[in-house]
Amino acid sequence: MQYGKHALDMLASSQDSLRLGWLEQLFCSVADSDKHEDVEEGVCLQSAVKLIQSVNPGVSSGKVEHRFKELQRVRERMCGLSLDNGSGVNDHSENKRQTGRNERVTKQEFIEVFHDFCTRPEIYFLLVQFSSNKEFLDTKDLMRFLEAEQGMAQVSEETSLKLIQSHEPSEEGRQQGYLSLDGFTSYLTSAECRLFDREHDTVCQDMSQPLSHYYINSSHNTYLIEDQFRGPSDISGYIRALKMGCRCVEVDVWDGPDEEPVVCIGHTLSPPLALRSVLEAIGKFAFVASEYPLIVCIENHCSLRQQKVMMQHLARILGEKLYTDPADEEESYLPSPHALRHRILLKGKKSGPGLEGEDGEVSEEDEGAEMCQRMNAANSGGGSEKDTVQKSASFTAVPQCNPIHLPPKRFQLLKELSDLVTLCRSIRFIDFPTSSKSQKAWELCSFHESLAVRLAGESPRNFVNHNKHFLSRVYPNPMRVDSSNMNPQDLWKCGCQIVSMNFQTAGLMMDLNTAWFRQNGNCGYVLRPAIMRQEVSYFSADTRDTVPGVAPQLLHVKVISGQNLPKPRGSGAKGDVVDPYVYVEIHGIPADCTERRTRTVTQNGDNPIFDESFEFQINLPELAMVRFVVLDDDFIGDEFIGQYAIPLECLQPGYRHVPLQSLTGEDLPHAKLFVHVALTNRRGGGKPHKRGLSVRKARKGRDYTALRDLGVRAVDEVFKMAAPLLREATDLKENMQNSVAVFRELCGVSAVANLMQCVLALGSRVAGPDGTPLLLFDLRDHYPTLEPQGPLPDVLRRVVSTYEMMVQASRAVIELSDGIYDRILHIQTTAMEFHEKLQSLAAKEGLKGRKVSRALESFSWNITILKGQADLLKHAKAEVQENMKQVHDAALTGNLSKEGLGVRRVRSQSRRGQDDKPTA
């Protein structure tokens, strides 16, 4: 309250001619449209309310109207006092005329209410901070804000002017090139300042890699629109999923009446759909949201007679869209999404190669039968104690089913139908060694949720390695009768590409799924992290530590305020009052999963100020997501107000607005959070608290990631050559980053500040007695030098010496990194020559059993470390180049450059656009 009141008082007492002039013009234009005789009489109440709402559409008309009437009552009392002539007799005619004004709003009242409802104190303080206490931002102020805070590149005064012309409401401000508080608020609440990076609105990832290298947006029992047992089936389930970017739909086909196959879950009360209608919907909407391949999972339970009808429908309705080219038996990878654009792939069983004739007998899963069998067991008290606890905790009880027996089911498969399945042949999973030895690239296993979760817990590294080569589909436990969803990230972290979701069920899990697939133009395909794709790499899905070869990042989130937070739907008897607080959640690998919450702001949903900062270490940025959840604090039980989830890769830095969504995923009108976001490198030198991560400590306390001995002499000799190079690479990188941190600290800025912000902050501290700068940058060299312009106080001498150390460390990175990088990669290439024959070499050394497995694991570890450290060194070089550009540009923007030939503004590449994300 103090925070907001202080800002409002400052603004009310200031002579903000831009705002006042604009509001007077606005008021007069409405008065003219009212066609009232005297503008001094004011405008009608409803016109004034609409005028306020045109600037702040989220505020309720009732609240604005109530505030106007409060002021009118004050006005009436004041007029009543002034009309009293001291004799106790009131002028009746004047009093009557005054009463007639009650439904009109004067200009002063309008301006006062506008101040109340359209002034964001947190934005006002931000404006004053960047405008040096002026009531507006000029083009240079705005330039500095866009570059230093919003991470924009190639900013000029022309850029600022263009933005001012778009957002400044006052004509005077547009003419003079000034952005007032209302213009600044307009800019910060516009689509340009959304948290989601608009580059990700279109396909922005490499789509030429094998299909197994991508996560694929997938739905489960797509035809259901409610629960799994008795809920209705509808074609709209397919249409909705396909419009949402789903690229894998499920079609359970059974024998139907009149020789027409139907789509439904067997053994349940869900009504069937005609297969023909389902295929027509799929054919019509398959490529509305995405041009990339659609996988149709055919779960075939039909007789031979109706299989023939199914095949005819597939050929007639889907026609040329069906991909029927035979799979290449020798090919070790699937085609890419790019190569399969506008094609439909059928996933299903295929008759075995040893079976001749029209038909082959194959097994087929029966999810409905399994669901009924388990429900009967649960209802009758059967099953283990563990099963019963799990069922009671996770799944909804349902009525008893008819008795179902589940022996292995075998049936005849029509060869012509079998031939339509090419790249996605379903096979039964036995174990990882069997898959490694005999599975083909075009064969995929479907995993029951319980089995997939068990494998993720027992064999996390093997599961990741399996998914480097093969597609894996995970479907929900049949006991999720209420259509609840599993957490997709529990399976994504293992590399599972197809995690089937019940699209009809809103909640946290679908929030994560929907947000995750937004990051690549919502095309239904997201490239998996590099460490999960590379042939030889060390990664375990259950890691609770830093990931070898991947640089952790620090995510800094400041939750500043909320706007127009609605009352929770169906909430209790608190009226319109909400007491909001915010959770910031991180979802990803186990090492990254965490959450923090703000304090509660009581009785304020219009513009609650939270002003709290959090810091999160993100160990695998490529798999991390951030979710903001707003709740209403209530002693009976906190209620959901809104949420927003976003992949870390899509975050835009700086001051951003977060659009909140309802429980069912729709945007909440005008409801937002205002946040500040920054991503920085994790600073080195910390203690090696990492469980299982091999580190060696130098005398000065720096941690070096260690290579592991395999016990195979020839290979170990190669890796030993890399040890001094890895130490040198770590020293180069951390010396540079630590020197930047020391310089940043001396400049008096926060730990999340970049070098542009450092130099701009320095500019306000280096003015001499006569106003001229005591320090100037000479920009003629590739590395700007900082030169004293006379005697310096101690603090500025330290700034100069620290800056020189930073430049020296930066120069070392530029000059030495390429050579070290090349030598590390040469050693990696040499070591990889041993990869194919590693097992035979281990046998010659006398290694057996577990020791051979450990040698293979250590080989993967070492290769991952070499590749990762080389990439981090390359990234450090790019970081230095960006730092020097920031110093150069900030010196010009802050008028801290010496005049000289050849000095020009450096056009930095977009910091968001650089390939600055290290891969392992």
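Above: the structure in question.
Worth saying up front: this structure is predicted, and the values here are computed from it rather than measured.

Criteria and thresholds
- Residues numbered from 1 in each chain as written.
- Predicted model: local features only at pLDDT ≥ 70, side-chain atom pairs only at ≥ 80, totals over all residues.
- Heavy atoms only, no water.
- Core = buried A, V, L, I, M, F, W, Y, C linked by side-chain atoms within 4.5 Å.
- Buried < 20%, exposed > 50% of the residue type's maximum accessible area, 1.4 Å probe, protein only.
- Helix = DSSP H or I, 4+ residues; strand = E, 2+ residues; numbered from the N terminus.
- Contact = heavy atoms within 4.5 Å.
- Phe/Tyr/Trp six-rings, centres within 6.5 Å; stacked < 30°, edge-to-face > 60°.
- Lys NZ or Arg CZ within 6 Å of the ring centre and 35° of its normal.
- Pairing = 2+ DSSP bridges.
- Right-handed = clockwise from strand over helix to strand, strands pointing away.
- Axes fitted to C-alpha atoms, helices over the stretch in contact; angles between N-to-C directions.
- Parallel < 35°, antiparallel > 145°, perpendicular 65-115°, else oblique.
- Nonpolar A, V, L, I, M, F, W, Y, C, P; charged D, E, K, R; others polar.

**Re unusual backbone geometry**
Reasoning step 1: Of note in the backbone geometry, N221 takes a positive phi value of approximately 45° without being a glycine.
Reasoning step 2: Residues other than glycine seldom take positive phi values, yet H670 does so here, at roughly 70°.

**Looking at the nonpolar core**
One recurring pattern in soluble globular proteins is that nonpolar side chains are buried together.
Reasoning step 1: Of all hydrophobic cores here, the largest spans 71 residues; its most connected members are V251, I282, V296, L314, I344 and F463.
Reasoning step 2: It is helix α13 (residues 275-285) that contributes the most residues to this core, five residues altogether.
Reasoning step 3: The residues contacting I344, other than those within four sequence positions of it, are I282, A286, F287, L294, V296, L318, K321, L322 and Y323.
Reasoning step 4: In terms of nonpolar packing, the next biggest core, distinct from the first, is built from 67 residues, A729, M756, C758 and L796 among them.

**What about the packing of aromatic side chains?**
Reasoning step 1: Tallied over the full model, the rule gives 24 aromatic pairs.
Reasoning step 2: For the pair Y581 and Y583, a centre-to-centre distance of 5.8 Å together with 65° between the ring planes defines the contact as edge-to-face.
Reasoning step 3: The class of Y581 is buried, set by a relative accessible area of 2%.
Reasoning step 4: In this structure an aromatic cluster arises from ring pairing among F130, F145, F184, Y655 and F674.
Reasoning step 5: A cation over an aromatic ring shows up here: R597 above the ring of Y581, its NZ or CZ 3.6 Å from the ring centre.
Reasoning step 6: Here R708 stacks its cationic end above the ring of W861, 3.7 Å away from the centre of that ring.

**Quick look at the pairing of strand β14 (residues 443-448)**
Reasoning step 1: The buried fraction of β14 amounts to six of the six residues, a majority that puts the element mostly inside the structure.
Reasoning step 2: In this structure, strand β13 (residues 424-427) lies alongside β14, joined through three bridges in parallel fashion. Looking across to β14, one finds that I427 is bridged to C445.
Reasoning step 3: In terms of handedness, the path from β13 via helix α18 (residues 432-438) over to β14 forms a crossover that is right-handed.

**A word on the side chain of T730**
Reasoning step 1: One can find T730 in helix α24 (residues 723-746).
Reasoning step 2: T730 sits in the buried class, given a relative accessible area of 9%.

**Structural notes on the packing of helix α8 (residues 139-148) against helix α9 (residues 157-167)**
Reasoning step 1: Across the interface, α8 lies against α9 with an axial gap of 8 Å and an inter-helix angle of 100°. The orientation of α8 relative to α9 falls into the category roughly perpendicular. In this structure, α8 uses T139, K140, L142, M143 and L146 to contact α9, whose residues at the interface are E157, S160, L161, L163 and I164.
Reasoning step 2: Along the lines of polarity and charge, the residues of the contact of α8 with α9 split into six nonpolar, two polar and two charged.

**Considering the pairing of strand β10 (residues 344-348)**
Reasoning step 1: Within β10, five of the five residues are buried, which leaves it mostly tucked inside the rest of the structure.
Reasoning step 2: Residues I344, L346 and G348 of β10 are buried on one face, and the alternating residues L345 and K347, pointing to the opposite face, are buried as well.
Reasoning step 3: In this structure, strand β9 (residues 294-300) lies alongside β10, joined through four bridges in parallel fashion. The residue bridging L294 from the neighbouring strand is I344, located in β10.
Reasoning step 4: Bridging between β10 and β13 involves two bridges; their strand directions are parallel. Looking at the pairing, G348 lines up with R425 of β13.

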